[in-house]
Amino acid sequence: MTGSLNLWLIPLVPFAGFLVNGLIGRKLPKLLVTAIALICTLIPFLLVAKIWLEFSSVTTPYIEHLGTWIWTGAFHADFDLQLDQLTMVMLLVVTGVGFLIHIYSVGYMAHEEGYWRFFAYLNLFMFFMLTLVLSENFLLMFVGWEGVGLASYLLIGFYFLKDSAVRAGIKAFVVNRIGDFGFLIALFLLIAHFGTLDYREVFSQIAQHPEWQGGILTAIALFLVLGATGKSAQIPLYVWLPDAMEGPTPVSALIHAATMVTAGVYMVSRTHIIFDRSPFALSTVAIIGAATCFFAATMGLVQTDIKRVLAYSTVSQLGYMFLACGVAAYSSAIFHLVTHAFFKALLFLAAGAVIHSLGGQQDMRVMGGLRKKMPVTFWTMTAAVFAICGFPPFAGFFSKDDILYHAFISPNGGKILWFVGWVTAGLTSFYMFRLWYLTFLGESRADSHELAEQGAPVHVRSDSKLVSEAEHAHGVHDSPWVMLGPLVILAILATIGGFIGVPAAMGGHDEIGHFLEPVVGSGPRAPVGESSGLELALSASVVLIGLLGLLVVHILYKVKPDLPHKLATRLHGFYNLVVHKYWVDQIYGALIVTPLLLISRYLLKGLFDRGVIDGAGFAAGATAQGFGAIVQRVQSGNIRSYAGWLALGAAVLLIASYFGYTAHFSPQ
Amino acid sequence: MVPIVYYLILSAILFSIGVAAFLIKRNIISVFMSIELMLNAVNLTFIAFANHWHQVSGQIFVFFVMVVAAAEAAVGLAIIIAIFRTRSTLNVDQIDLMKL
C-alpha cells in the first residue's frame with residue numbers, strides 16, 4: 001500500500017472535539033455540542049473502518065513518524081504512531097464501542113447539568129485512549145496511560161457536588177498513580193538498560209540476545225505489572241474500580257468496563273517479548289489474574305447495587321484476561337478483551353437504561369418484574385448475561401473457553417489456574433443470573449412488604465417507595481431509541497462476536513488468534529493428539545458449571561425466595577466477610593491511608609512545611625525588612641543631605657583617581 | 001598670555017564655592033544660585049581648554065550648557081514660585097516630602 005494512512009487524525013479529531021466543547025461548549029446550543037461530540041468520534045471510527053478494509057495491503061508494522069519529541073544525547077523519543085494487528089483490534093474496539101456509547105450518552109445525559117462538559121471529557125478520553133493504543137514507544141504510551149487516568153478521574157467526579165463521587169474520583173486517581181509509579185520505574189529501567197523506549201528497538205535488542213533471561217527483564221516486567229494492576233483493577237490495586245461507579249453509567253460502560261481498564265491487558269500483550277523472557281513475571285501475572293478473578297467474583301455475589309455487581313464482574317473478567325496473559329496466551333486475552341468490551345458495555349448500558357427509567361435507583365432489591373415493562377432492555381441484557389456466563393454460542397463462551405483451555409495446558413501449575421477459573425465461571429453465572437432475576441423477573445418489589453420481612457434496612461424500604469412513585473408517575477418503559485439502538489447493536493455483537501475466534505476443535509479457524517499471531521505469537525501448544533477432545537471436554541465443563549450457577553439462582557430467587565436471607569444468616573461469617581469486601585478498604589485505610597495522612601498532616605505539613613519552608617521564607621523576609629529599616633534613613637527627603645552624599649561620592653572618586661585608580665578611565 | 005593653570009585654579013575655586021554653598025545654604029534661591037555658579041565654573045574650564053588646544057568644540061559645549069542652564073532656571077524658578085505659594089517658605093530643610 002502506498003501513501004500515508006494518516007493515523008494521526010484518529011486521536012486528534014476527538015481532541016479537537018474536546019477543545020471545542022471544552023472551551024466554548026457552555027455557550028453552544030445542546031444540539032451543536034451533541035453534533036460535535038458525535039462527529040468527532042464517528043470520524044475516527046470511519047477512518048479505522050477504512051484502514052481495516054485495506055488492512056491486508058498494509059505492511060505491518062506500519063510506522064508513522066510525526067516528529068521528534070525528545071532528543072538529548074543518545075536518547076530520543078519521537079511522536080511515532082504504529083499500526084499492527086494488535087493495534088488494529090484495539091482501534092476497532094475503542095472507536096466502535098466508544099462511538100456507540102457516545103450515541104447512548106446523548107439519551108442518557110439529555111437532562112443532566114453540564115452536558116457539554118460530559119461530552120468534552122468523553123472526547124478527551126477517546127483522544128488519550130487512541131494515543132495509548134497507537135503509540136510506538138513506551139513514553140507516548142505513558143502519555144495516553146496518564147491521560148486516560150485523568151479523563152477517568154474527571155468523569156468519576158462528574159457529579160462534583162456529590163461528596164462520594166468526588167472521593168471516588170480522588171481514590172481512583174491516587175490508586176492509579178501508585179500503578180503509574182510502577183510503570184514509570186519500568187520506563188527508567190528500560191532507558192538505563194536499552195537506552196531507548198522504542199518498541200521495535202527494545203524488542204529487537206531482546207531478540208538479539210537469547211541469553212537474557214530473568215534478571216533486569218523480570219524487574220522491568222514486574223514494574224510493568226504494577227502499572228497494569230493499577231489501570232486494569234487487579235489485586236492489590238483493584239479497590240478503585242467499584243467506587244468508580246459513582247460516575248455516570250455511560251462512563252462506567254466505556255471507561256471502566258470496555259476500554260480503559262483493558263489498557264493493562266493491552267500493555268502486557270504489547271510487551272509480551274519482555275514477559276516471555278521472565279517466567280517469574282509471567283507466573284506473577286497468572287496468579288494475580290486468577291486471584292483477582294476469584295475474589296472479585298465472590299464479592300460480586302452479595303452486592304445489591306446493580307452497577308457494583310457489574311463492577312466486580314469487570315474486575316473478575318479482567319482477572320481472566322490477566323490469567324490468559326500469565327499463561328502466555330496473549331491472543332486469548334485480547335479475544336476476551338474484545339468480547340468483554342461488547343458484553344460488558346452492553347451490561348452497563350442496559351443497567352443504565354434500567355437506572356434511568358427508575359429515576360436513578362440502583363438497588364436491585366427494589367427492582368424486579370421489569371421484563372414486561374422494558375422488553376428491549378430485557379432481551380439485550382439477556383444476551384449479555386448469557387455471553388458473560390459463557391453459554392454457547394454467545395461471545396463469552398468462545399473467549400472464556402479459549403482462556404481456560406490455554407490455562408489448562410500451560411505447563412506451570414496450569415491445572416490449578418484452570419480450576420480457579422472454572423469455579424469463577426460458576427460464580428460469574430451465579431451473580432449475573434442473580435442480577436437478571438432480581439431486576440427483570442418476578443414481580444416488582446417496589447412498594448412490597450417482603451423487604452421488611454427480609455430485614456432490609458430502612459433506607460431500602462424508603463427507596464422502594466421512591467421507585468414505586470417513579471413507576472406510578474410516568475410509568476417504567478423502555479428508553480428512547482437513541483439509547484436502545486446501541487443496546488441492540490451491542491447485543492448482536494455480544495451474540496455473534498465470539499465467532500471471530502472459534503477454536504479448531506469446534507470446527508472453526510480461530511481467526512483472531514491467527515490474525516494476532518504476528519504480534520503476540522501463538523500461545524502455548526497442547527500436547528499432540530489429545531487437544532481437540534480435551535478442549536471440547538473443558539468447554540462442556542464450563543457450560544455445566546454455568547448451568548449449575550443458573551440452577552442455584554433459580555432455586556434461590558424463584559422457587560424459594562426466602563432462602564437467600566436464611567442462607568445469609570446461616571453463613572453469617574462468610575456473608576459478612578464478602579459483604580464487607582474482605583475488609584480490604586478498611587485494611588488499606590488503616591495500614592496505608594491513615595498513616596500517610598498522619599505523616600502528611602503532622603510531619604510534612606506541621607514540621608517541614610510550616611517549619612522549614614515557611615520558616616525560610618519568613619526569615620528571608622524579616623532579614624530584608626530589617627536591612628531596609630536601617631537603610632531607609634538615608635532617604636531623608638532632605639535635599640542637602642542628598643547633595644552631601646553626592647559631593648562625598650565625587651570626592652572619593654576624585655581622590656581615588658588622583659592616587660592612580662584610573663585604569664578604566666584612560667582614553668587610550 | 002595667562003597660563004591655563006590659572007584658569008583651572010579659578011574654576012576649581014568657583015566650583016568648590018558652589019558646592020559648599022549648595023550644602024550650606026538653606027534658602028532655595030541661594031541653592032539655585034550655587035548651582036549656576038558650578039555650571040559657570042565648568043564653562044570656564046571648557047573655554048580655557050578650547051583656547052589652549054585651539055579647538056572649537058569646547059566653546060560649542062558651553063553654548064549647550066548655557067541653553068540648559070537657561071531652561072533649568074526657567075523651570076526651577078517656576079517650581080520655586082509654586083512651592084512658595086503652597087508652603088510659604090523657601091527653606092529647603094522644610095521641603096522634605098520626597099521620603100518614605
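The residue count restarts for each chain, going from 1 along the sequence in the order it is written. In the order they appear in the text, chains get letters beginning with A and ligands get numbers beginning with 1. Note on the predicted model: pLDDT of at least 70 is required for a residue's local features to be given, and 80 or more for side-chain atom pairs to be given and counted; whole-chain, interface and lining totals, by contrast, use all residues.

1. Let's talk about the overall build of chain A
Across its full length, chain A holds 28 helices and 2 strands. Seen along its three principal axes, the alpha-carbon backbone of chain A occupies a region of about 115 × 65 × 50 Å. Counting the 668 residues in chain A, one finds 49% classified as buried. Within chain A, residue pairs in contact and separated by at least 24 positions form 79% of the contacts whose partners lie at least 6 positions apart. Secondary structure counts use DSSP, requiring at least four H or I residues in a row for a helix and at least two E residues in a row for a strand, with both numbered from the N terminus. Here a residue counts as buried when 20 or more other C-beta atoms sit within 10 Å of its C-beta, as exposed when there are 12 or fewer, and as partly exposed otherwise, the C-beta atoms being derived from the backbone. Note on contacts: each residue gets a C-beta atom placed from the backbone, and two residues are in contact if those atoms are within 7 Å.

2. A short note on unusual backbone geometry
All names here are of chain A. Here the amide bond leading from Ile235 into Pro236 is cis, since omega sits at 10°, within 30 degrees of zero. Residue placement: Pro236 occurs in the loop between helix 8 (216-231) and helix 9 (240-243). For Tyr582, which is not glycine, the phi dihedral falls at a positive 60°. Locating Tyr582 in the fold gives a position in the loop between helix 26 (572-579) and helix 27 (584-631).

3. Examining the nonpolar core
Residue and element names in this part refer to chain A. Put simply, a nonpolar core is a cluster of buried Ala, Val, Leu, Ile, Met, Phe, Trp, Tyr and Cys residues tied together by C-beta atoms within 7 Å. Of all hydrophobic cores here, the largest spans 205 residues; its most connected members are Leu323, Ala345, Leu346, Ala384 and Ala494. Among the elements that make up this core, the one with the highest residue count is helix 15 (residues 330-357) (19 residues). Leave out the neighbours within four places in its chain, and Ala384 touches Phe343, Leu346, Leu347, Ala350, Ala491 and Ala494.

4. Focus: the pairing of strand 2 (residues 75-83) of chain A
All names here are of chain A. Only strands joined by at least two bridges in the DSSP assignment are considered to pair. Note: strand 1 (residues 62-72) against strand 2, 9 bridges, orientation antiparallel. From the neighbouring strand, Trp71 faces strand 2, where its bridge partner is His76. Remark: 2 residues form the turn of the hairpin made by strand 1 and strand 2, two consecutive strands paired antiparallel; Gly73 in that turn has positive phi of roughly 60°.

5. Considering the interface of chain A and chain B
Taken together, the contact pairs 10 residues of chain A with 10 residues of chain B. Of the residues in the side of chain A that touches chain B, the class split is 3 nonpolar, 6 polar and 1 charged. Ten residue types, Ala, Val, Leu, Ile, Met, Phe, Trp, Tyr, Cys and Pro, are classed as nonpolar, four, Asp, Glu, Lys and Arg, as charged, and the remainder, Gly among them, as polar.

6. A closer look at the packing of helix 15 of chain A against helix 17 (residues 375-389) of chain A
Residues and elements named next belong to chain A. Helix axes are fitted only over the stretch in contact, all axes being lines through C-alpha atoms; the angle between N-to-C directions runs from 0 to 180 degrees. Close contact between helix 15 and helix 17 brings their axes to 9 Å; oriented N to C, the two are set at 145°. Note that helix 15 runs across helix 17; the crossing there is left-handed. Here Thr339, Phe343, Leu346, Leu347, Ala350, Ala353 and Val354 of helix 15 lie close against helix 17, whose contacting residues are Thr377, Thr380, Met381, Ala384, Ala387 and Ile388. In the contact of helix 15 with helix 17, the residues fall into 10 nonpolar, 3 polar and no charged. A clockwise turn of the near helix away from the far one marks a right-handed crossing, whereas an anticlockwise turn of less than a right angle marks a left-handed crossing.

7. Quick look at the environment of Gly18(B)
Residue and element names in this part refer to chain B. Topologically, Gly18 is positioned in helix 1 (residues 4-24). On the neighbour-count criterion, Gly18 (20 C-beta atoms within 10 Å) is buried. Each C-alpha atom of the pair Gly18 and Leu37 lies 5.5 Å from the other, and the pair is 19 residues apart in sequence. Among all residues touching Gly18, those that are not within four sequence positions of it are Ser34, Leu37, Met38 and Ala41.

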